[in-house]
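# Architecture and fold: a report
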Amino acid sequence: QVQLVESGGGLVQAGGSLRLSCAASGRDIKFDDMGWFRQGPGKEREFVAAITRFETLRYSDSVKGRFTISRDNAKNTVFLQMNSLKPEDTALYYCGKVVGWPDKFGSWGQGTQVTVSS
């Protein structure tokens, strides 16, 4: 079973950038579709981005053009580059294995907090 550990979150001003990482251990994820979702305070879980093993990409409309998902199979890691951050991006961000393209997740990590101040 794969273990996923997210990192890279923090406090940033609006307009700033962060790069989240999701390190996998326990097995190779290069054949898995992977993605990110988030849950803001008082909000439902929201799909953010996904990447297939062939590197087909999908984004939610709310982050398209600002966020970029990528993967480094040699490092068994998935990334989320977040630019032009907005206060509404504040949330706990989770990395997970996509079991139903693009927004059904079967397993995920503990999350990393992103807080964007105005």
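Below is a summary of the structure that appears in this document. (Residues numbered from 1 in each chain as written. Predicted model: local features only at pLDDT ≥ 70, side-chain atom pairs only at ≥ 80, totals over all residues. Heavy atoms only, no water.)

Let us look at the overall build of the protein chain. If you tally the helices and strands in the protein chain, you get zero helices and 11 strands. Scanning the protein chain from its N terminus toward the C terminus, one meets helices and strands in the order β-β-β-β-β-β-β-β-β-β-β. Taking 2.2 N^0.38 as the reference for a compact globule, 118 residues should give roughly 13 Å; the C-alpha atoms of the protein chain span a radius of gyration of 13 Å, in line with that estimate. For the protein chain, the spread of C-alpha atoms along the three principal axes comes to 40 × 25 × 25 Å. Looking at the protein chain as a whole, 45% of its 118 residues are labelled buried. Accessible surface, the protein chain: about 6,000 Å² in total, of which carbon and sulfur atoms supply 48%. Both charge centroids of the protein chain, one from 15 positive and one from 12 negative side chains, sit 2 Å from each other. (Helix = DSSP H or I, 4+ residues; strand = E, 2+ residues; numbered from the N terminus. Rg over C-alpha atoms; globule rule 2.2 N^0.38 Å. Buried < 20%, exposed > 50% of the residue type's maximum accessible area, 1.4 Å probe, protein only. Areas by Shrake-Rupley, 256 points an atom, 1.4 Å probe, with all protein chains shown as cover. Lys, Arg positive; Asp, Glu negative; His and termini not counted. Charge placed at Lys NZ, Arg CZ, Asp CG, Glu CD.)

What follows deals with the environment of Ile-69. You can see Ile-69 is positioned in strand β7 (residues 67-72). For Ile-69 and Leu-57, which are 12 residues apart along the polypeptide, the C-alpha to C-alpha distance reads 7.4 Å. Sequence-distant contacts of Ile-69, defined by excluding residues within four places in its chain, comprise Met-34, Gly-35, Trp-36, Ala-49, Ala-50, Ile-51, Leu-57, Tyr-59, Val-78, Phe-79 and Leu-80. (Contact = heavy atoms within 4.5 Å.)

Attention now goes to the sheet that holds strand β3 (residues 18-25). Read across the sheet, four strands follow the order β1-β3-β8-β7 without closing on themselves; strand pairing throughout is antiparallel. The sheet is open, and its two edges are formed by β1 (3-7) and β7, each paired on a single side. Strand-to-strand twist in this sheet, taken as the mean axis angle between neighbours without regard to direction, amounts to 15°. (Pairing = 2+ DSSP bridges. Axes fitted to C-alpha atoms, helices over the stretch in contact; angles between N-to-C directions.)

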